[in-house]
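Structure assessment
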Amino acid sequence: MSDEFRRNLLGPDATLLPAETEVYAQLEAGQEALDLVEKHPTSSLLWAVLAEEAWSEGRTVDSYAYSRVGYHRGLDSLRRNGWRGVGPIPWEHEPNRGFLRALYSLGRASAAISEAEEPERIEKFLNDSDPSAKAAIEAG
């Protein structure tokens, strides 16, 4: 039996995004996400940080907007790295966390602005990506 056949029986491989080492280093050095996003507009992590900051300040609509951008930037990155719309996006792989955090933030903010179906769709997508992601994000 071919390896391809075995792999297909197990479902799609996990998608592992590349590390954003420059972004990590700049955040660790104390630079603000708002300043960094102009230099790294494709970083889901930076958009997720902005969404989380806005949420903690009670700026729900801003949080929604930031998380929506982070979500779409993440989808672009996932597709560039082999994701075909299904399959695991594991939380344990640190570079995936920016996308998963943006996804979580989008679900939370969409519920807060009373979107009808978006929160349920996002919840399912987050759980399908990695069932442990939500708890890890909420644990901070």
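Located above this text is the structure these notes cover.
Everything in this summary refers to the structure shown in the same document. (Residues numbered from 1 in each chain as written. Predicted model: local features only at pLDDT ≥ 70, side-chain atom pairs only at ≥ 80, totals over all residues. Heavy atoms only, no water.)

On to the overall build of the protein. In terms of regular secondary structure, the protein is built from eight helices and zero strands. Moving toward the C terminus, one meets the helices and strands of the protein in the order α-α-α-α-α-α-α-α. Computed over C-alpha atoms, the radius of gyration of the protein comes to 16 Å, within 12% of the 14 Å expected from 2.2 N^0.38 for 140 residues, which places it in the range of a compact globule. Dimensions of the protein, computed from the C-alpha atoms along their principal axes, are close to 55 × 35 × 25 Å. Going through the 140 residues of the protein one by one, you find that 38% of them count as buried. Entry remark: accessible area of the protein is about 8000 Å², with carbon and sulfur atoms responsible for 51%. (Helix = DSSP H or I, 4+ residues; strand = E, 2+ residues; numbered from the N terminus. Rg over C-alpha atoms; globule rule 2.2 N^0.38 Å. Buried < 20%, exposed > 50% of the residue type's maximum accessible area, 1.4 Å probe, protein only. Areas by Shrake-Rupley, 256 points an atom, 1.4 Å probe, with all protein chains shown as cover.)

Right, let's get into the packing of aromatic side chains. Counted according to the given criterion, the structure contains five aromatic pairs. When the ring of W47 is compared with that of Y66, the centres are 6.0 Å apart and the planes differ by 35 degrees; the resulting orientation is tilted. On the criterion of sequence distance, the pair formed by W47 in helix α4 (residues 44-56) and Y66 in helix α5 (residues 60-80) is long-range, its members being 19 residues apart. W47 sits in the buried class, given a relative accessible area of 15%. Seen in terms of ring centroids, Y71 and F125 are 6.3 Å apart; in terms of plane orientation they differ by 80 degrees. Their pairing is edge-to-face. Highlighted residues: Y71 in helix α5 and F125 in helix α7 (residues 118-129), separated in sequence by 54 residues. For Y71, a relative accessible area of 6% puts it in the buried group. (Phe/Tyr/Trp six-rings, centres within 6.5 Å; stacked < 30°, edge-to-face > 60°.)

Now for α7. Think of an α-helix as 3.6 residues a turn; residues three or four steps apart then line up on the same face. Taking 1.5 Å per residue, twelve residues should reach 16 Å; α7 reaches 16 Å between its end C-alpha atoms and fits that length. Taken together, the buried positions of α7 are occupied by E118, P119, I122, F125, L126 and S129. Down the axis of α7, the sector holding all buried residues measures 130 degrees, keeping them to one side. Opposite the packed face of α7, turned more than 90 degrees from it, sit the exposed residues E120 and K124. On its buried face, α7 is in contact with α5, α6 (97-112) and α8 (133-139). (Expected span 1.5 Å × (residues − 1). Arc of directions from axis to C-beta. Contact = heavy atoms within 4.5 Å.)

One can describe the packing of α5 onto α7 by two numbers: an axis separation of 15 Å at closest approach and a directional angle of 40 degrees. With respect to α7, the axis of α5 lies oblique. Of the two possible hands of crossing, α5 and α7 adopt the one that is left-handed. Where α5 abuts α7, its residues R68, Y71 and L75 lie against E118, R121 and F125. Partitioned by chemical class, the residues of the contact of α5 with α7 number three nonpolar, no polar and three charged. (Axes fitted to C-alpha atoms, helices over the stretch in contact; angles between N-to-C directions. Parallel < 35°, antiparallel > 145°, perpendicular 65-115°, else oblique. Left-handed = near helix turned anticlockwise from the far one by under 90°. Nonpolar A, V, L, I, M, F, W, Y, C, P; charged D, E, K, R; others polar.)

This part covers the nonpolar core. In terms of nonpolar packing, the biggest core is built from 19 residues, with F99 and F125 touching the most fellow members. Elements represented by at least two residues in this core include exactly α5, α6, α7 and α8. It is α6 that provides the largest number of residues to this core, a total of six residues. With residues up to four places along the chain from it excluded, the contact list for F99 reads L17, S44, G70, Y71, G74, L75, L78, I89 and F125. L36, V37, L46 and W47 belong to the second largest nonpolar core, which has nine residues in total. (Core = buried A, V, L, I, M, F, W, Y, C linked by side-chain atoms within 4.5 Å.)

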